[in-house]
Amino acid sequence: MLASTLMANYCAEQHDEEALKVDTYLPHLQLSDQTIMDVSVRFRREMDKGLCRDTNPAAAVKMLPTFVLSTPDGTEQGEFLALDLGGSNFRVLLVKVSSNGKQEVEMENQIYAIPENLMRGSGSELFDHIAECLADFMEKLGIKDKKLPLGFTFSFPCQQTKLDESVLLSWTKAFHASGVEGKDVVGLLRRSIKKRGDLNIDILAVINDTVGTMMTCGFDDHLCEIGLIVGTGTNACYMEQMRNLELLDGDEGRMCVNTEWGAFGDDGALEDLRTDIDREIDAGSLNPGKQLFEKMISGMYMGEMVRLILVRMTKEKLLFQGKTTTQLLTTGRFNTSYIYTIDTDKDEEGLLSAEEVLRSLGLDPSVEDCIATQRVCQIVSTRAAHLCAAALVSVLRQIRDNKAAEKLRTTIGVDGSVYKNHAEFSRRLHKMVRRLVPDCDVRFLTSQCGSGKGAAMVTAVAYRLAAQNAERQSILDTLRLSHEQLLEVKKRLSAEMVRGLSRQTREQTSLKMLPTFVRSTPDGTENGDFLVLDLGGSSFRVLLVHLKSGKKHTVDMHQKIYSIPQETMQSTGEELFDHIVSCIADFLEYMGMKGASLPLGFTFSFPCHQSKLDQGILLKWTKGFKASGCEGQDVIMLLKDAVRRRQEFDLNFVAVVNDTVGTMMTCSYEDPNCEVGLIVGTGTNACYMEELRNVELVEGADGRMCVNMEWGAFGENGELDDFCTEFDRIVDESSNNPGKQRYEKMISGMYLGEIVRNVLIDYTAKGLLFRGKLSERLKTRGIFETKFLSQIERDRLAMRQVRSILQHLGLTSSTCDDSVLVKEVCSVVARRAAQLCGAGLAAVVDKIRENRNLNQLSVTVGVDGTLYKTHPHFSSIMQETLQELAPQCQVTFHKSEDGSGKGAALITAVACRIQSEGQN
C-alpha cells in the first residue's frame, strides 16, 4: 500500500480502536504511577545495599566509588588530554580550558580505529596501539614535547581504588583482549607510554562515560550533580555524601558514585515486573541473567523487544494477516532507531515511518498494522522512560535527603542515543520525574562530547583541587604548631610565671601572677549560710548558698538574676552600687531573710588588684561598664557605702572572688586533689596553689596561696610574636585593646570565630572558597560566632549545620565542598587554641611538681567555660597536649558547676573556717 493510500484510509476512530487492541494484548508492559513509585522505592533499597559495607558484596546495584570528589566550579583552566575508549573506535582529544572572565572550552580531537584482531588479541598490544595513536595525535598538533595531564574514559565495568587506578572486572562490547581483566588499566597504559620513551604524560584520572557526562554538564551548569546515560546501555552516577559510602574511610565531603544501575533486578528484585518478552530477550543475549534493568530500558534491546512483540502478534494472527517474513524473524533486524521515527508526537508522520520500516522487513502492512506497530513502539518506549524515571527519582530523593532540603534544585546531565534522538522518550522521562518528585526542581541538560570532554573536566578538577589544596594547606600550616613550638610556648610561659612572682621583675612581665589571699581549698567541714553576689556582665546574680558538712557534704543554692540597665552601667559608681544593693534587699525579702546579717562573697569578674581577701582595687572597667568614680577604688568599700546609705541591713564582707579561683574551689570541694582552676570561655585564665615562699608580694613563707595568673595577657611583651599569624595580627589590631591579651586572643571564645572569619576571607580573596565570591555579611566583624566552631565540628549530619550557618552568613550558593573547607579551618583554629591552652597548663602543673620536688605529680584541674564545655574536641586535644608536654604529671580534669556562685560561697566559707580556727 502506498503512503498516500495509507493515509487516505486512516481515521482517528480507527486509530483509537487499534491502539486499544494492542493495549489489551500488552497490559503487563503498561505500568501505573503506583507501580513506578514502587519500583523507585525498591531501587532506593538497592542503593542502600550497595552503599553499605556489609551488604555490598551481595548487592546487585554496586554503587561504585569513582574518587571524583568535586564537580567543576568555573575556575578550572589549562590544557588537558583525554582518551575516550568505549568501542571499536576511540577518540583522543586536546581540551583547552580558559578562565578569563568567562570560562570557555576549545577542543580538538581525532578518531582512531581499533582493529578487531587487537580487540581480541593481547592486552599489551591493545594498549601499545592506544599509546601509538596518542603519540600520533600529539605529533600532529605539535605538542609532543609538552607535559600534559590526561583523563582516560574507559567505559567498561571496573573497580576503582583511586582516581588514577581502575581494575577491569570484565570486558564487554566484543572486547576480549587477554591479560587485562583483573589488572589496572591505567597501569597498563602507563607501561605502554613509558615503553615508547617519547611522551611525557601525567595520567591523573580514569572515569566511565556516565561520570564524564556529569562533569561535562557540570562545567556548563554548576548545579549539575547527576549523570545519566540512556543509549546502547544505561547507567547513572551522582554526588553522594562520603558518610554514606561505607566502602571507604572518611565521612566528610562528597564523592561521585557510579550506580551501575543496569544490574538492578539481577537478584530478582524485578521478577514480578518482567514479562515473557523480557525473559526471551535475556535468554537470547550475550549475558543471560545480567543487566536485567538495562534490558528493559536501553537502546540495545528496545528495538528487539518491539520485534518480538510483532512476531508474537503475527503468529497469533493479530497482525500482517498472520504472515511473517524472514527479516521479521531475524534477531536484531528491528533497529531501536526505527522507534524514534515511528513513536513521535505527530501520529501521521509516525504511521508513514511505520509503513516504511515494515516494508523494509518484507511485510505488506495495512493501516491497522501500522497503527498497531506504532502503539507497540509507544508502549515499549513509555515503559523504558518510566522505569528510568523511577530509578532517577530514587537518586533525586537520596540527594534531597542528604541535604535535608525541603525543595531540591539540581541539574541532570544526560547523554545517549535514546535520550538524544527519541524526543518522546525524553519528554515522558521528564514528565514522570516531575510528577513523582514535585518537591524537586530538576533541569535536564544534554551533554555535548560527554565522555571525552568529561574526562578532561575530571582531570581539570583534579588538577585544580590539588593546586588549591596545596595553597590552602600552606595557609593553614601557619596555624599549625609542632611539638617543638608547643614546648617553646611552655618554656616561655614558665619563665614569665617566675618573673611575675618576683618583686623585682613583675613590673616587666606580661604575667602579673596576682595573689588572691585564698590560702586553702575546702576540707569538707565548711558549714552554714552564705550570701554571694556575682557581677560579671549586664546581668548579675544574688545567691543564698547553704553548705552542710559531714560525710556527704552538700550544697543547696537559691538564686535570682537581676539586670543592670545600660544607663546604670555607664552612670556614676554611686548609682551602680545603689542599684546592686537594692537588688540584694529585694532578694533577702524574697527569701524571707530581711534584716539578716550573713557572710558575703563578691565575685567581681573585672581586673582587680588585691592586697587582702576582702579588698579588690578595680584596675579598669571592661565588658561595656563605664561607671565613673570606680577605677582605682576598692569595690568592697563602694559596696559597703551603698549598704550604709540604704540603712536596711548589714553584711559581713568576707571575700572578693575571681571566677577562675571560684572554679578551682568548687571542684576542690568535690575533689580535694584539685589545685588548679582553668576557664576557657569568652576569655581564658588560670589559677593554682603556689608555695607562699615564692609569692614575694605577700609576707610569710609557710603554706600556700592561690595565685591568679591572668594568663590571657601572656605575649604582651612579644613572647608569642613568632607563633602569631597574619590572622592573629588582624584580629588584635581590630580589637578594643590592641597589643593586649595576646594569649587570650589565640585561645578564647571571644576571638576564635574572628580568626576563622579572617581565614575564610583570605581563602575567598584567593579564589579558594565560595568560588571567590564574598558575602557582605561575612565582611562584618564578629559575625562568625565562636559557637559556630562547636556546632560545625559536632556536625555529623552531612554538613547540614555548616550549610545553615553559611546561609545565615549570606553565602546562599555555598557548596558541599565549601562546607568541608570551612569545617577544616574551624578544626585547625580550635586545635591550635586547645594546644596552646594545653602548653600553658603543662607549665602550671610542672611548676607545682617542681615546687614540691616530686618526680611524679597527681593533680586535678577544675575547668569551666563554654568553649571547653561545648566544643566536641577542645578538651581531648588540650589534655593530649598537656600529657605530651608534662609527662611526669598525671592530670585529672573536673568540670566545674557554677564557679562564680558556689565557688564564691566556698571561698567565703573557707575564710570563715580559717578565721574561726585562728580564734580558737
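Thresholds, definitions, all that
Residues numbered from 1 in each chain as written. Predicted model: local features only at pLDDT ≥ 70, side-chain atom pairs only at ≥ 80, totals over all residues. Heavy atoms only, no water. Helix = DSSP H or I, 4+ residues; strand = E, 2+ residues; numbered from the N terminus. Rg over C-alpha atoms; globule rule 2.2 N^0.38 Å. Buried < 20%, exposed > 50% of the residue type's maximum accessible area, 1.4 Å probe, protein only. Contact = heavy atoms within 4.5 Å. Areas by Shrake-Rupley, 256 points an atom, 1.4 Å probe, with all protein chains shown as cover. Lys, Arg positive; Asp, Glu negative; His and termini not counted. Charge placed at Lys NZ, Arg CZ, Asp CG, Glu CD. Phe/Tyr/Trp six-rings, centres within 6.5 Å; stacked < 30°, edge-to-face > 60°. Lys NZ or Arg CZ within 6 Å of the ring centre and 35° of its normal. Axes fitted to C-alpha atoms, helices over the stretch in contact; angles between N-to-C directions. Parallel < 35°, antiparallel > 145°, perpendicular 65-115°, else oblique. Left-handed = near helix turned anticlockwise from the far one by under 90°. Core = buried A, V, L, I, M, F, W, Y, C linked by side-chain atoms within 4.5 Å. pLDDT = per-residue confidence, 0-100. Pairing = 2+ DSSP bridges. Salt bridge = Lys/Arg side-chain N within 4 Å of Asp/Glu carboxyl O. Disulfide = S-S within 2.5 Å. Expected span 1.5 Å × (residues − 1). Polar contact = N/O pair within 3.5 Å; in protein donor to acceptor, adjacent residues only side chain to side chain. Arc of directions from axis to C-beta. Nonpolar A, V, L, I, M, F, W, Y, C, P; charged D, E, K, R; others polar.

A word on the overall build of the chain. Looking only at helices and strands, one finds 30 helices and 26 strands in the chain. Computed over the C-alpha atoms, the radius of gyration of the chain is 39 Å, more than 25% above the 29 Å expected from 2.2 N^0.38 for a compact globule of 920 residues. Reported as C-alpha extents along the three principal axes, the dimensions of the chain are approximately 125 × 70 × 50 Å. Every one of the 920 residues in the chain was classed for burial, and the buried ones make up 57%. Residue pairs at least 24 apart in sequence account for 71% of intrachain contacts in the chain once pairs closer than 6 positions are excluded. A total accessible area of about 36,900 Å² is found for the chain, and carbon and sulfur atoms account for 48% of it. Seen as two clouds, the 105 positive and the 126 negative side-chain charges of the chain have centres 1 Å apart.

Quick look at the packing of aromatic side chains now. Taken as a whole and judged by the stated rule, the model has 25 aromatic pairs. Chaining the aromatic ring pairs together yields one cluster made of F152, F154, F156, W171 and F175. Residue placement shows K560 over the ring face of Y590; its charged tip is 4.5 Å from the ring centre.

Let's shift gears to the packing of helix 3 (residues 33-51) against helix 13 (residues 367-403). Two numbers describe how helix 3 lies on helix 13: the axes approach to 8 Å, and their chain directions differ by 55 degrees. Comparing their axes, helix 13 and helix 3 come out oblique. For the crossing formed where helix 3 meets helix 13, the hand is right-handed. Counted together, I36, M37, V39, S40, F43, R44, M47, D48 and L51 of helix 3 and H386, L387, A390, A391, V393, S394, V395, R397, Q398 and D401 of helix 13 form the full contact between these two elements.

What follows is about the nonpolar core. One finds L228, F334, L429 and V433 to be the most contacted residues of the largest nonpolar core, which totals 115 residues. Counting residues per element, this core draws most heavily on helix 13, which supplies 20 residues. Dropping the residues within four chain positions of it, F334 is found in contact with G303, E304, V306, R307, L310, I339, I342, V357, L361 and C377. By size, the runner-up hydrophobic cluster in this structure holds 113 residues, among which are W711, V845, C889 and I907.

A few words now on the confidence of the model for the chain. Averaged over every residue, the pLDDT of the chain is 90; the share at 70 or more is 97%. Between the elements of the chain, mean pLDDT differs from a low of 52, seen in helix 1 (residues 3-8), to a high of 97, seen in helix 17 (residues 483-501).

As for its placement among the helices and strands, W711 is situated in the loop between strand 24 (704-708) and helix 22 (726-733). Residues W711 and S539, 172 residues apart in the sequence, show an inter-C-alpha distance of 25 Å.

Another point: the sheet that holds strand 23 (residues 684-691). Read from one edge of the open sheet, six strands run 14-24-23-22-25-26, paired in mixed fashion. The two strands at the open ends of the sheet, each matched to only one other strand, are strand 14 (514-515) and strand 26 (889-895). Where strand 23 meets strand 24, five bridges bridge the pair, whose relative direction is antiparallel. Bridged to M689 within strand 24 is C706. Across the sheet, helix 21 (residues 659-670) touches strand 22 (674-680), strand 23, strand 24, strand 25 (857-864) and strand 26, and the angle it forms with strand 22 is around 135 degrees.

Tallying each qualifying case throughout the model produces 71 salt bridges. In this structure, the salt-bridge partner of E488 is R492, at a minimum N-O distance of 2.9 Å. With E488 and R492 both in helix 17 and four residues apart, the pair spans about one turn of that helix. Overall, E488 belongs to the partly exposed group, its relative accessible area being 25%. R492 gets classed as partly exposed once you look at its relative accessible area, which sits at 22%. A salt bridge links R852 to E691; the nearest nitrogen and oxygen atoms lie 3.5 Å apart. Of the two residues, R852 sits in the loop between helix 27 (816-851) and strand 25 while E691 sits in strand 23, which places them 161 residues apart along the sequence.

On to the sheet that holds strand 16 (residues 539-548). Across the sheet, which stays open at both edges, the five strands sit in the order 17-16-15-18-21 with mixed pairing between neighbours. At either margin of the open sheet sits one strand with a lone partner, and together these are strand 17 (554-563) and strand 21 (652-657). Mean inter-strand twist for the sheet, computed between neighbouring axes without regard to direction, equals 20 degrees. Bridging between strand 16 and strand 17 involves ten bridges; their strand directions are antiparallel. Within the sheet, the bridge partner assigned to F540 lies in strand 17 and is Y562. This element, helix 19 (residues 573-590), spans strand 15 (528-535), strand 16, strand 17 and strand 18 (599-604) of the sheet and lies at about 130 degrees to strand 17.

This next bit is on unusual backbone geometry. Here F517, not a glycine, exhibits a phi torsion of approximately 65 degrees, which is positive. Unlike most non-glycine residues, E710 shows phi in positive territory, near 50 degrees. Looking at the secondary structure, you find E710 in the loop between strand 24 and helix 22.

Let's shift gears to the state of the cysteines. Counting across every chain of the model gives zero disulfides. The thiol of C706 is not disulfide-bonded; the next cysteine sulfur, from C687, is found 3.8 Å away.

Attention now moves to helix 7 (residues 209-220). Over its twelve residues, helix 7 runs 17 Å from end to end, which matches the ideal 16 Å to within 8%, given 1.5 Å per residue. The element helix 7 is largely enclosed, with a buried count of ten among its twelve residues. Taken together, the buried positions of helix 7 are occupied by T210, V211, G212, T213, M214, M215, T216, C217, G218 and F219. Where helix 7 begins, one side-chain oxygen reaches toward the backbone nitrogen of T210, 3.1 Å away; that side chain belongs to N208.

With that settled, the discussion passes to the side chain of S790. Structurally, the position occupied by S790 is in helix 25 (residues 786-794). Residues in contact with S790, not counting those within four places in the same chain, are T870, H871 and P872.

Moving on, we get to helix 17. In this model helix 17 runs 27 Å from its N-terminal to its C-terminal C-alpha over 19 residues, within 8% of the 27 Å that 1.5 Å per residue would give. Along helix 17, the positions that sit buried rather than exposed are L486, V489, K490, L493, E496, M497, G500 and L501. Taken down its axis, helix 17 places every buried residue within 130 degrees of arc, on the same side. Of the exposed residues in helix 17, the ones pointing more than 90 degrees away from its buried face are E484 and K491. Lining the buried residues of helix 17 we find strand 23, strand 24, helix 23 (742-747), helix 27 and helix 29 (874-885).

What follows covers the packing of helix 3 against helix 15 (residues 423-436). Viewed as axis vectors pointing N to C, helix 3 and helix 15 meet at an angle of 80 degrees, and their least axial separation amounts to 11 Å. The angle between helix 3 and helix 15 places the two elements in the roughly perpendicular class. Residues D33, I36 and M37 of helix 3 form the contact with helix 15, whose own contacting residues are M432, R435 and L436. Its residues assigned to classes, the contact of helix 3 with helix 15 shows four nonpolar, no polar and two charged.

A few words on the side chain of T216. As for its position among the elements, T216 is in helix 7. Judged by relative accessible area, which is 1%, T216 ranks as buried.

Another point: the environment of C837. Within the secondary structure, C837 sits in helix 27. On the accessibility criterion, C837 (0% relative accessible area) is buried. As a C-alpha pair, C837 and I877 span 40 residues in sequence and 9.5 Å in three-dimensional space. In this structure, C837 is in contact with L678, V680, W711, Y743, I747, F874 and M878, ignoring residues within four places of it in sequence.

Right, let's talk about the environment of F293 for a bit. Considering the arrangement of structural elements, one finds F293 in the loop between helix 8 (276-283) and helix 9 (294-297). In this structure F293 comes out as buried when scored by relative accessible area, which is 0%. Taking the C-alpha atoms as reference, F293 lies 9.8 Å from D278; in sequence the two are 15 residues apart. Ignoring any residue separated from it by four or fewer positions in sequence, one finds F293 in contact with W261, G262, F264, L270, L387, C388 and A391.

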